[in-house]
Amino acid sequence: MKPSFARHLAVLGTGSNVGKSLLTAAICRGLHAAGLRVAPYKAQNMSNNSYVAPDGGEIGRAQYLQALACGIEASVHHNPVLLKPAADDSSQIIVRGQAVDHLRAREYFARNAELRAIAHQSLDHLIAEHEVVVLEGAGSCAEVNLRSRDFVNFAAAAHAKARVILVADIDTGGVFAQVVGTLAVIDDADREQIAGVVINKFRGDRSLFDDGVEYLERRTGVPVLGVVPFLYGLDLDAEDALPMATRFDPPLHADLDQLRIAVIGLPHISNHTDLHALARVPGVAIHVLTRPRELGNYAAVIVPGSKAVVSDLHWLEQTGLAQRLLQYHAQKGRILGICGGFQMLGSSIIDTNALESTALVTPGLGILRAVTSFVAPKLVRRTRAKLLRENEAFSGYEIHLGRTQVEAHEPLLELETAQGPVSDGVRDDELRVWGTYLHGLFDEAPLRNAFLRWVSPGWVAAGDEITRLQWLDRELDRFSQHVRSHLDWARIERWARGD
């Protein structure tokens, strides 16, 4: 018996990294442009790249982007369960925006029924408030050993009575096995939910794949809704991808004609979207470093956020990057520490309640006279801020357990909070080190340009002064138009209108 569908859509994948997040955003923007009240939803996300929603909590950055595509404010209901990996087998658990626990995989599965119920409640809330909900799945929707515990893929689609669009990535190869294999191993009820297939990230002559489309439709009986070409130069927030403009461990003398800024490529880097707007500035080259090297030719070094600060501090020592960073500081280089990176620059980290590690006290790099204590609850808020010496105003957000006590250094920022203005971060005595808890530093031109003038006196902005938000909005339009032009969009829109 064929299922009875509502107007909702679910974008599920044959695997991870097939492009579900961005295709979901493109479909959301298309339906929003068609005049529909649409919202995104991902029952459970796994990412250290998060965002603070206006209703007071953390969600995956991809759902923030999808909400922007829908023309609405992001909400914790768009991503009711967020897992932030802290190690290979454990994650911090965020439920409706709030950190509730730190669990290993087996412990997490033991709470499956509770989390499923919460996720379904959020989905019901969105369904009640919007005409169409576009659901995004997680990983492969065909992990048959996990099906009974999975509430992100077919279970979420069934709860919403959503048609499933199955996405496969031709760029990685094996696209026929991806699609045919997925349909072969899932059960009949799940298979009945699949209304169409999208082949994503195609490169080359599209006509050469006509026989591939014919084969898939003949073999599976499921229509191919379109073949979406790879769009070069796309700059949109993803769950875990660093900006395309960054380079990993490039040759020592690469980009010497540009203002070179090094970013320490921590194993547990978080909120790497802090770098996106900076990487897009003409004349700036961002090098992500995971191996030790001479840093003297860099205008600045950024130590970014981390989901596992103590573990990443040990990694810095083990790789030799800590010693290189200390040498760079002794050579009077400029250093910016953001959130966890700010904590690492201090003299020590205290974790009395084992909130992140088993170590009571961990020595920091000692670049700043500052001591960080991990204290619950996590501080999560959006705020307006001012760079104190330069008097430049901008917006940002905080997500951190640590509370840092600074000795003698002057504050870097002043934050507007519900309790009144508060100081944040530090400048060292020689004005060569900045530290802050605020994410989104470079998303607006005033702070971005102030930072570039600090690391390179005399820096002159190239004139591209749009905010990161404006850039994302423009890119969403471009990508959505690209996707719609290569899909059977009329059919998708009919589904969403209930026709």
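Before reading on, note that the structure itself is shown above.
Because the structure is a prediction, the values reported are computed rather than measured.

1. A look at helix α2 (residues 61–70)
Residues spaced three or four apart along an α-helix face the same direction, because each turn holds 3.6 residues. By the criterion of burial, α2 is predominantly enclosed, with ten of the ten residues buried. Every buried residue belonging to α2 is among Arg 61, Ala 62, Gln 63, Tyr 64, Leu 65, Gln 66, Ala 67, Leu 68, Ala 69 and Cys 70, and all of these are buried. Just past α2, the residue Gly 71 takes up positive phi, approximately 75°.

2. A few points about the sheet that holds strand β12 (residues 224–229)
One open sheet accounts for six strands, arranged β2-β9-β1-β10-β11-β12; its pairing is parallel. Single-partner strands in this sheet number two, and they are β2 (38–41) and β12. Taking the axes of each pair of neighbouring strands and ignoring which way they run, one obtains an average angle of 20° across the sheet. The sheet contact formed by strand β1 (residues 9–13) and strand β10 (residues 163–169) spans five bridges and is parallel. Its bridge partner lying in β10, Gly 13 is registered against Val 167. Along the sheet, helix α1 (residues 20–33) contacts β1, β2, β9 (132–136), β10 and β11 (194–202); its crossing angle with β9, the most-contacted strand, is approximately 170°. Taken strand by strand, α2 contacts β2 and β9, and its axis lies near 170° from that of β2.

3. Digging into the pairing of β1
Of all five residues in β1, five are buried, a share of seventy percent or more. Burial along β1 is two-sided: Leu 9, Val 11 and Gly 13 and Ala 10 and Leu 12, pointing in opposite directions, are all buried. Taken together, the three bridges between β1 and β9 define a ladder with parallel strand orientation. Within β9, the residue paired with Leu 9 across the bridge is Val 134.

4. Observations regarding empty space enclosed by the protein
On inspection of all chains with the given rule, the structure shows three cavities of 30 Å³ or more. Here the largest cavity is characterised by a volume of approximately 220 Å³. Lining of the largest cavity is provided by 21 residues; of these, Ser 306, Lys 307, Ile 399, His 400 and Leu 401 occupy positions nearest its centre. Broken down by secondary-structure element, the contributors of at least two residues to the lining of the largest cavity are β6 (81–87), α12 (340–345), β22 (370–387) and β23 (392–406). For the lining of the largest cavity, the leading source of residues is β23, giving four residues. Taken together, the residues of the lining of the largest cavity break down into seven nonpolar, ten polar and four charged.

Criteria and thresholds
Residues numbered from 1 in each chain as written. Predicted model: local features only at pLDDT ≥ 70, side-chain atom pairs only at ≥ 80, totals over all residues. Heavy atoms only, no water. Buried < 20%, exposed > 50% of the residue type's maximum accessible area, 1.4 Å probe, protein only. Helix = DSSP H or I, 4+ residues; strand = E, 2+ residues; numbered from the N terminus. Pairing = 2+ DSSP bridges. Axes fitted to C-alpha atoms, helices over the stretch in contact; angles between N-to-C directions. Contact = heavy atoms within 4.5 Å. 1 Å grid on protein atoms, 1.4 Å probe; cavity = no way out; pocket = protein on both sides within 12 Å on 5 of 7 lines; lining within 4 Å. Points joined across faces, edges and corners; volume = space filled by probe spheres on them. Nonpolar A, V, L, I, M, F, W, Y, C, P; charged D, E, K, R; others polar.

Any functional reading would require information that these geometric values do not contain.
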